[in-house]
Amino acid sequence: MSHLIAGNWKMNGTPASAEALAAELIARVRNAKAPPPGVVLCPPAPLIPAVLAVTKGTPVAVGGQDCHAKEKGAHTGDVSPVLLAELGCRFVIVGHSERRADHGETDASVKAKAEAALKAGLTPIICVGETEGERERGETARVIARQVEGSIPQASTAANTVIAYEPVWAIGTGKTATTADIAAVHAQIADLFGAGHGGASGLKILYGGSVKAANAKEILATANVRGALVGGASLDADEFWKIIESCPR
Ligand code: 13P
């Protein structure tokens, strides 16, 4: 499977709606004519068991939206990567720009979380991306280099880590980067990762930011794009399935 489509449900859903959404998606995966790409659903933490109950034994994987850098302890409200793995999660998003902005997460704290995720046997989906101001000031490459170098642990390899490029200004705004801009940043990430982690061959670099059924085909066919991290459009089974079906085969 060459592409990975991840649905980040963010702070949305109830047990009933989560189960229904996961079940609708699994029905589509089961009825698919061609084998679908990798699919991972990242529900809010309290809904993870409900989604795992529905996805068990299917090719659809489940991930957390964040984890703590420690395995356990006095960290009120946080989620242990070991617990996520024990529940049955295979992935965890770390360093999403909403967490960097809302919770003051830094490259160093994101790196510690990714390290802990790897240690727990999870595949971290490490997010990077520039703000609108940074892009306007021509700082995109510098910001991406700083985030890649600062947020990706030494233990990361192309096989155990996923990177998501999510320009902050494209998240939830309906704006997407041009395919030329996406290709340039993804090539930079592949180069930087390859130099520090024994090569980038097979590394999944996802694009995220207003990915919809209408633009997925073009984005997913862009050089060095090996999947998508989808927010709003992942909450609608039809729309998300169309994105999954837009992966080049
Ligand atoms: P949207 O697809 O809603 O723009 O969100 C993207 C995102 O932040 C996924 O992590």
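Residues numbered from 1 in each chain as written. Predicted model: local features only at pLDDT ≥ 70, side-chain atom pairs only at ≥ 80, totals over all residues. Heavy atoms only, no water.

*Asks:* Describe the layout of surface pockets, listing the residues and the values that go with them.
*Replies:* Looking at the largest pocket, its volume works out to about 480 Å³. If you trace the largest pocket, you find 20 residues lining it, with Lys10, Met11, Gln65, Asp66 and Arg99 closest to the centre. A total of 3 residues in the lining of the largest pocket trace back to one element, the largest contributor, which is helix H4 (residues 97-102). A class-by-class count of the residues in the lining of the largest pocket yields 8 nonpolar, 6 polar and 6 charged. Taken as a whole, the second largest pocket holds about 240 Å³ of empty space. The wall of the second largest pocket is formed by 17 residues, among which Leu4, Gly38, Arg90, Phe91 and Lys204 lie closest to the centre. (1 Å grid on protein atoms, 1.4 Å probe; cavity = no way out; pocket = protein on both sides within 12 Å on 5 of 7 lines; lining within 4 Å. Points joined across faces, edges and corners; volume = space filled by probe spheres on them. Helix = DSSP H or I, 4+ residues; strand = E, 2+ residues; numbered from the N terminus. Nonpolar A, V, L, I, M, F, W, Y, C, P; charged D, E, K, R; others polar.)

*Asks:* Any chance you could break down the site of the ligand for me, citing the residues and the numbers?
*Replies:* Taken together, the neighbourhood of the ligand is formed by Asn8, Lys10, His96, Glu166, Ala170, Ile171, Gly172, Gly209, Ser210, Leu229, Gly231 and Gly232. For the ligand, an oxygen atom lies 2.8 Å from a polar atom in the side chain of lysine 10. Within the contact set of the ligand, an oxygen atom lies 2.8 Å away from a backbone nitrogen or oxygen of glycine 232. Of the residues in the shell around the ligand, the class split is 3 nonpolar, 7 polar and 2 charged. (Near = heavy atom within 4 Å. Polar contact = N/O pair within 3.5 Å; in protein donor to acceptor, adjacent residues only side chain to side chain.)

*Asks:* How would you summarise unusual backbone geometry if you had to cite specific residues and measurements?
*Replies:* At serine 210, a residue that is not glycine, the phi angle is positive and equals roughly 55°. Structurally, serine 210 can be placed in the loop between strand E7 (204-208) and helix H9 (213-220). One non-glycine residue, asparagine 224, lies in positive phi territory at about 70°. Following the sequence through the fold, asparagine 224 ends up in the loop between H9 and strand E8 (227-230).

*Asks:* Summarise the pairing of E8; cite the residues concerned and give the values.
*Replies:* Side chains Gly227 and Leu229 project from E8 onto one buried face, and the interleaved Ala228 and Val230 project onto a second face that is buried too. In terms of strand pairing, strand E1 (residues 4-8) meets E8 through 4 bridges, oriented parallel. Paired with leucine 4 across the two strands is glycine 227, which belongs to E8. Taken together, the 2 bridges between E7 and E8 define a ladder with parallel strand orientation. Pairing of glycine 208 across the sheet is with leucine 229, part of E8. Considered for its hand, the β-α-β crossover made up of E7, H9 and E8 is right-handed. (Buried < 20%, exposed > 50% of the residue type's maximum accessible area, 1.4 Å probe, protein only. Pairing = 2+ DSSP bridges. Right-handed = clockwise from strand over helix to strand, strands pointing away.)

*Asks:* Describe in detail the pattern of salt bridges, supporting the description with residues and values.
*Replies:* The tally for this structure, following the rule as stated, stands at 15 salt bridges. A salt bridge links glutamate 139 to arginine 137; the nearest nitrogen and oxygen atoms lie 3.1 Å apart. The salt bridge involving glutamate 139 is made with arginine 142; its shortest N-O contact spans 3.6 Å. Looking at glutamate 139, the relative accessible area reads 19%, which means it is buried. (Salt bridge = Lys/Arg side-chain N within 4 Å of Asp/Glu carboxyl O.)

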